[in-house]
Amino acid sequence: MEEPAPRHLSLPSRLLELCALLGASRDSLRGAEQVAQKKGVRNPSVDPEVLSVFVPPFVSKDESRAATADCTAPCKSRRRSFRKKKEKPRPEHWKGVAGDPEDVSIPNDVDLLALPQLCFPGGVCVASEPEEDRVHFLVLTDVCGNRTYSVVAQYYRPLHDEYCFYNGKAHWESSLQTVSMAGCFVPFAVCVISRYPYYNALKDCLSCLLTHLKLCKDFEVDDHIKEFAAKLSLIPSPPPGPLHLIFNMKPLQIVFPSRVDPESPIIDLDLHLPLLCFSPETVLQVLTCMLTEQRMVFFSSDWALLTLVAECFLVYLHPLQWQHTFVPILSGQMLDFIMAPTSFLMGCHLDHFEEVSEEADGLILINIDNGSVTCSKPLEDSVDIPDVPLLAAQTFIQRVQSLQLHQELDLAHCSSSTDLNEGHGRRHAWQQKLNGQIQQVTLQLLVNIFREVKNHLNYEHRVFNSEEFLKTRVPEDQQFYKQVLDTYMFHSFLKARLSRRMDAFAQMELSTQSEEDRINGMLISPRRPTIEKMALRGSSPLHVAHRRIVVSMPNLQDIATPEVQPRNSSLRKVDAVSCKGCSKAQNVAPKSSYTFKIPEIHFPLVTQCVDAYYTDFIELLSKAMSFLGPDSSALLARYFYLRGLIQLVQGRLLNALLDFQNLYKTDIRIFPADLVKRTVALMSAPERAKIEQTPELKRLINQVVDKPGEVAKVDDHVKNFELPKKHLQLDDFVKRVQESGIVKDTDIIHRLFDALAVGHQKQIDPETFRDFYNCWKEAEAEAQDVSLPSSVMERLDKNECVYKLSSSVKTTHGVGKIAMTQKRLFLLTEGRPGYVEISTFRNIEEVRNTTAVFLLLRIPTLKIKMVSKKEVFEANLKSECDLWHLMVKEMWAGKKLADDHKDPQYIQQALTTVLLMDAVVGTLQSSNAIYAASKLSYFDKMKNEMSVPKTTSETLKHKINPSAGETFPQAIDVLLYTPGHLDPAEKITDAHPKLWCALSEGKVVVFDASSWTIHQHCFKVGTAKLNCMVMAEQNQVWIGSEDSVIYIINVHSMSCHKQLTDHRASVVDLIVQGGEKAPRYR
């Protein structure tokens, strides 16, 4: 395709934003010399200033016209830097000097006035001996909260007797100055500012630069720094995924790692640093302070550790994000920042510890050097730092203790490296592996803390029932959750959960889900503790007291939490031996990664040299792409991204768009939609005309640029459940019940409305709703508090739950309480507690409600006749008789239909119905209560209409309902069965066969076909009807849609990474022919 003359554009994702040289000016040094002579000061201090600024681009239009054809020929180019002039005063606002041909444009988010004191946070002192080079790191935040990252390298240069090196020119000084300043060394700092946190990579780059700066003449410093900055400005940041970039900075090969996925942070630092500085218990303390958004200050005598350790803790919290002020380094002049009343995370030198501790109240002081956490207030008024939930803490501590944090021990068996870059590579590979293990440990900690949040979410109405979630926490953990639930961090976390975002947390939660959790995912009935959990549960007085408080209204301010053992801010000491449920840190094999070596950059930096560099870059990318096999689509997508980026910088917009079009088809996650929009906006009319002639580009522009209004705004609000304050009509009642989490099914809620509605107005008053809600929660609390003798639990299945207990009644088997589980009725005898089975629901033949005569009284009695027994069970249930009669009949009918239809969810629906009956009777407490509850009966009334022929019942093996948990039943448009297979890189659960069910509006539900439990709750691919599905490879499922798109699903992450959009009509079928990996479609 013919291109117009190239137009050089700025590299959108370049590493470098700005590079600066900082130090003391000539006038400052001269003043310091005079002070030293008068007062006899040996190491005078001076004020640092910005001496030079280097901002890309380093090739201007003037240079383009003046450049010669040979880029290797000597060429005097205009300096793209700002050099402080000795004859001009320092401007108050750093915008360059008006009319100066060397003016530069400083990025808006860089404050040059504050930069000197951050680059020299301890001040600038003239030294009598050269000191060791030092590196520290900065995080700069603008008013909009956008962060940029800086690496600062300090080095010392001697004051030469023949040169004064601050004006960039050789200048002979007087003999007096030569004598007085002999043996003096002055610190300078080179500061590199980037939008990306490449701490280790930029540190290595600056280390290479310092080897040249310490050998060059003073007037050559600017040229070396400009060349260094120009190199970095031409290096793009790698796209998310498995491809890392390597650049030869001489003598080191610098690795710029990519982020794992678009939502993950770039990690280019040593994540084990906090684990070397703090005990695991203290690490948990710091994480708790961050989760509860305290005002925190880190202290260290090493400036570098302040930023690195703080950044490590931010990574530990991913995908939760710290959303408050983050200033990891405060100079001495910035200490007043710690008086801010809002949450923050800052860092100070250890010299200021006592001053900060005395001046500020309520601060969490974290001493990196001695690994301690204290509070700035007196001990008796100390800030309450709650403990991390015990089981999560135990698991975290044991896994941290199993990590190998010392490279020397891990690589002791390796031979010594005789090559600098080989040793550097070994260290990098070891660190990447360890970083991955640490991320797994910290992510598992978050999952263990917040796993049960999902049980209290209503996705349809985006409601989180925080009160009910808190009531399910044990008392010693409630303070922790109370503080965390009020934070901005947790609110953002909730938004992601309610949007069903498949981030790192969701994937870890899915991969570590227990079989019981998978089964519970299919249950539409309320959860109760299983017999297995009941056997493991402690029966301490504290536990019993906790269970009794949850029967109150959902207003925690009115709940008097029972007294628990007082605790201080330190975490509990954990006995690792007692942590039987804990496991060692997962030895996760690092994901396969690849490297691409960036071509050499030739100087002088004129247009021809830059063009040659970009041409080499594109040729190397094209060559690498030609060697890729069909299974390397992830790597191919990264090459498309980089080649499109480079061609865009060259001004070859059409070629760039073609690469982005291929990227859109290969991996949509890293498709730069905003960049494509800006590119199209830059195009001329002839270029737009060429797009119209290219169907692929025309379709891309139509999808990405021309239809922005069709993208619906994401609803990310979060509501807390509240009891109604006014009368509820049917629609409002449905919404409130769904928000409460009691039941979702609209048909059941309609029957509940009919049961609770009073009179002909058909509305529910707020008092009735409140009473119903309380009755429901009281029943939940009573079920949680049920304690069965071990002799009874031995007779029940481990997955059975007690859903209802009667009062003590007289029966044919003695006096006791009748208990109902999802499988049976049994009598819990009094006196000497014992178990007497009444009947399984499958074994019931008849249920009758009669009366028994006792003296002159007629006592309501429930009679149950069994198929396998001749005797009839009788229970004098008295006032409870009518309710139990309704409940047993409903459970009996539900079990029969479940057996006939081979659908275990019927019994779950019956359980929901009987518990609603119980709550309705408890709410109304009138003569009409039983009649109202009978309106909820469903299976007992429908058992004849829902019966199936005997042959069908015998043939049918199993039935599942993909709409379970949805508000309405949904049609199943497509089914796909994928056989099981075991790949060494997969988890065991991924090896099971699966059943894929496509529902309406692009929804897909995945079942584990070995146990018929839900493997993956509903995820969406588009919004149109899905027409076909096929398994293309072991790790891919292709889904054809009515919207003409083929969605390619990664079966491990359960997310869509690729889309095929080349066809215009709906995709109606997909076929995999023998010997082909990719399906054919029509």
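Residue numbers here run from 1 along each chain, matching the order of that chain's written sequence. Note on the predicted model: pLDDT of at least 70 is required for a residue's local features to be given, and 80 or more for side-chain atom pairs to be given and counted; whole-chain, interface and lining totals, by contrast, use all residues. Only hydrogens and water are removed before side-chain values are computed, so all heavy atoms of the structure are retained for them.

Q: Describe in detail the overall build of the chain, supporting the description with residues and values.
A: The helix and strand tally for the chain stands at 35 helices and 37 strands. For every residue, the accessible area obtained with a 1.4 Å probe (protein chains only) is divided by the maximum for its type, and the residue is called buried under 20%, exposed over 50%, and partly exposed between those limits. For the chain, buried positions account for 54% of its 1082 residues. Residue contacts are counted whenever heavy atoms from the two residues lie within 4.5 Å of one another. Taking as baseline every contact in the chain between residues at least 6 positions apart, the subset at least 24 positions apart corresponds to 65%. To measure how exposed things are, a 1.4 Å probe is used in the Shrake-Rupley method; for residues, cover is taken only from the protein chains shown. Element-wise, carbon and sulfur atoms account for 52% of the exposed surface of the chain, whose accessible area totals about 49400 Å². In this description a helix means any DSSP run of H or I spanning at least four residues, a strand means any run of E spanning at least two, and both kinds are numbered starting from the N terminus.

Q: Mind laying out the packing of helix 25 (residues 685-693) against helix 26 (residues 695-704), listing which residues take part and the relevant values?
A: For helices, the axis comes from a line fit to the C-alpha atoms of the stretch in contact; other axes are also lines fit to C-alpha atoms, and the angle between any two N-to-C directions lies between 0 and 180 degrees. With their axes 5 Å apart at the nearest point, helix 25 and helix 26 run at an angle of 105 degrees to one another. On the basis of their axis angle, the class for helix 25 and helix 26 is roughly perpendicular. The residues of helix 26 that touch helix 25, namely those facing R688, I691, E692 and Q693, are P695, L697, K698 and I701. Its residues assigned to classes, the contact of helix 25 with helix 26 shows four nonpolar, one polar and three charged. Orientation labels follow simple angle bins: below 35 degrees gives roughly parallel, above 145 gives roughly antiparallel, 65 to 115 gives roughly perpendicular, and whatever is left gives oblique. Nonpolar residues are Ala, Val, Leu, Ile, Met, Phe, Trp, Tyr, Cys and Pro. Charged residues are Asp, Glu, Lys and Arg, and all others, Gly as well, are polar.

Q: Kindly report on the pairing of strand 7 (residues 147-158), identifying the contributing residues and their values.
A: Extensive coverage of strand 7 is indicated by the burial of ten of its twelve residues. When DSSP locates at least two bridges between a pair of strands, those strands are taken to pair. What sits between strand 6 (residues 134-141) and strand 7 in their antiparallel hairpin is a turn of five residues, with G145 showing a positive phi close to 90 degrees. Two elements, strand 7 and strand 8 (residues 185-194), share ten bridges in a ladder whose sense is antiparallel. Bridge pairing in strand 8 places R157 opposite V186.

Q: Can you tell me about the packing of aromatic side chains, naming the residues and giving the values?
A: Only centres within 6.5 Å qualify two rings of Phe, Tyr or Trp (six-membered ring in Trp) as a pair; their planes then separate them into stacked at under 30 degrees, edge-to-face at over 60, and tilted for everything else. Summed over all chains, the structure comprises 28 aromatic pairs. Between F480 and Y481, the ring centres sit 5.2 Å apart and the planes meet at 85 degrees, which makes this aromatic pair edge-to-face. Just as F480 is buried, Y481 falls in that class too. Here F490 and F493 contribute two aromatic rings whose centre-to-centre distance is 5.7 Å and whose plane-to-plane angle is 35 degrees, an arrangement assigned as tilted.

Q: Go over helix 16 (residues 488-498), please, and point to the residues and values.
A: What helix 16 keeps buried is the set M489, F490, F493, L494, A496, R497 and L498. Next to the buried residues of helix 16 lie helix 8 (280-291), helix 13 (420-450), strand 16 (457-458), strand 17 (463-464), helix 15 (475-485) and helix 17 (504-511). One or two positions beyond helix 16, positive phi appears at R500, with a value near 55 degrees.

Q: Requested: an account of the side chain of E311, with residues and values cited.
A: Structurally, E311 can be placed in helix 9 (residues 303-316). For E311, which is buried and forms no salt bridge, the nearest opposite charge comes from R147, at a distance of 5.7 Å. Residues contacting E311, with those up to four places away along its chain left out, are V139, Y149, Y199, L269 and F326. Under the counting rule used here, the positive set is Lys and Arg, the negative set is Asp and Glu, and His together with the chain ends is not counted. In the sections that follow, a salt bridge refers to a side-chain nitrogen of Lys or Arg positioned within 4 Å of a carboxyl oxygen of Asp or Glu.

Q: Give me the lowdown on the nonpolar core, citing residues and values where you can.
A: Ranked by size, the top nonpolar core spans 201 residues in total, and within it F256, F298, F313 and F450 carry the most contacts. Here the element with the most residues in this core is helix 9; it accounts for twelve residues. Those residues in contact with F256 that sit more than four places away from it in its chain are L15, Y198, A201, C205, I235, P238, H244, L245 and F247. Throughout this description, the term nonpolar core refers to a set of buried Ala, Val, Leu, Ile, Met, Phe, Trp, Tyr and Cys residues connected via side-chain atoms within 4.5 Å. With 67 residues, the next largest nonpolar core counts L723, V743, L756 and L916 among its residues.

Q: An account of the side chain of Q970 is requested, with residue identities and associated values reported.
A: Summarising the element assignment, Q970 is placed in the loop between helix 35 (950-955) and strand 28 (974-978). Here Q970 falls in the buried class, since its relative accessible area comes to 18%. Pairing of N or O atoms within 3.5 Å defines a polar contact, subject to two protein rules: one partner must be a possible hydrogen donor and the other a possible acceptor, and residues neighboring in sequence count only if both atoms are side-chain atoms. Polar contacts involving the side chain of Q970 include one to the side chain of S1000, which spans 2.8 Å. In contact with Q970, not counting residues within four places along its chain, are S963, L999, S1000 and K1003.

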